[in-house]
Amino acid sequence: MKLLVNFSRGKGRKPIIAQVVRDTGVLINVERAVIDSSEGEALIDVPDDQCQLVRNSMTSLGARVRMLEHGIHFNEQECVDCGACISICPNEVFSFTPDWKLALAEERCVLCGKCIEACPHQALMLPL
Ligand code: SF4
Ligand code: SF4
């Protein structure tokens, strides 16, 4: 399960992800992180059965945590199978089927948003 974690970096600048790994013993896979001097956002992947434990631990440390059950949202009706999203995606989410239809491996998506601007038909959106 993917979790989107937002946190502010106060005076102490505690390493929140490291602290949660230590406290819970859950190994966390960080798929994407943007951190500056005042705040941070990280997309993490944790085993489904330990998701709630990690979420609670992060929340208790002041983070806001959102469970993401889906990757990029794909509107098949709008897609013209142009392939523009294939080369732009850093995680090889998109590919063509043998008959040149777009195929998605949604579980690989790290919600970076790069494909959204590349799509000429607004067929791709971040999940709400
Ligand atoms: S949001 Fe990023 S990782 Fe996900 S499909 Fe688009 S480009 Fe690929
Ligand atoms: S860029 Fe948009 S229209 Fe083109 S293949 Fe990807 S989803 Fe379909």
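The structure presented is a predicted model; accordingly, all values stated were derived computationally and were not measured. (Residues numbered from 1 in each chain as written. Chains lettered and ligands numbered in written order. Predicted model: local features only at pLDDT ≥ 70, side-chain atom pairs only at ≥ 80, totals over all residues.)

### Brief notes about the sheet that holds strand S2 (residues 29-35)
Reading across from one edge, S2-S3-S1-S4 is the order of the 4 strands in this open sheet, with antiparallel pairing throughout. With partners counted over all chains shown, the strands left at the sheet margins are S2 and strand S4 (64-68), one partner each. Adjacent strand axes in the sheet meet at a mean angle of 15° when their direction is disregarded. Here strand S1 (residues 2-8) runs beside S4; their pairing, made up of 5 bridges, is antiparallel. Residue Leu 3 lies in a different strand from S4, and its bridge partner there is Met 67. (Pairing = 2+ DSSP bridges. Helix = DSSP H or I, 4+ residues; strand = E, 2+ residues; numbered from the N terminus. Axes fitted to C-alpha atoms, helices over the stretch in contact; angles between N-to-C directions.)

### Details of the site of ligand 2
Close to ligand 2 lie 13 residues, the nearest being Cys 79, Cys 82, Ala 84, Cys 85 and Cys 119. Taken together, the residues of the shell around ligand 2 break down into 10 nonpolar, 2 polar and 1 charged. (Near = placed C-beta within 6 Å. Nonpolar A, V, L, I, M, F, W, Y, C, P; charged D, E, K, R; others polar.)

### Concerning unusual backbone geometry
With glycine set apart, most residues show a phi of negative sign, and most peptide bonds adopt trans. Non-glycine residue Leu 111 carries a positive phi angle of around 55°. The residue Leu 111 is located in the loop between strand S7 (102-104) and helix H4 (114-118) in this model. Of note, the phi angle at Gln 122 is positive, near 50°, even though the residue is not glycine. One can find Gln 122 in the loop between H4 and strand S8 (124-125). On the basis of neighbour count, Gln 122 is assigned to the exposed category, with 10 C-beta atoms found within 10 Å. (Buried ≥ 20, exposed ≤ 12 C-beta atoms within 10 Å, placed from the backbone.)

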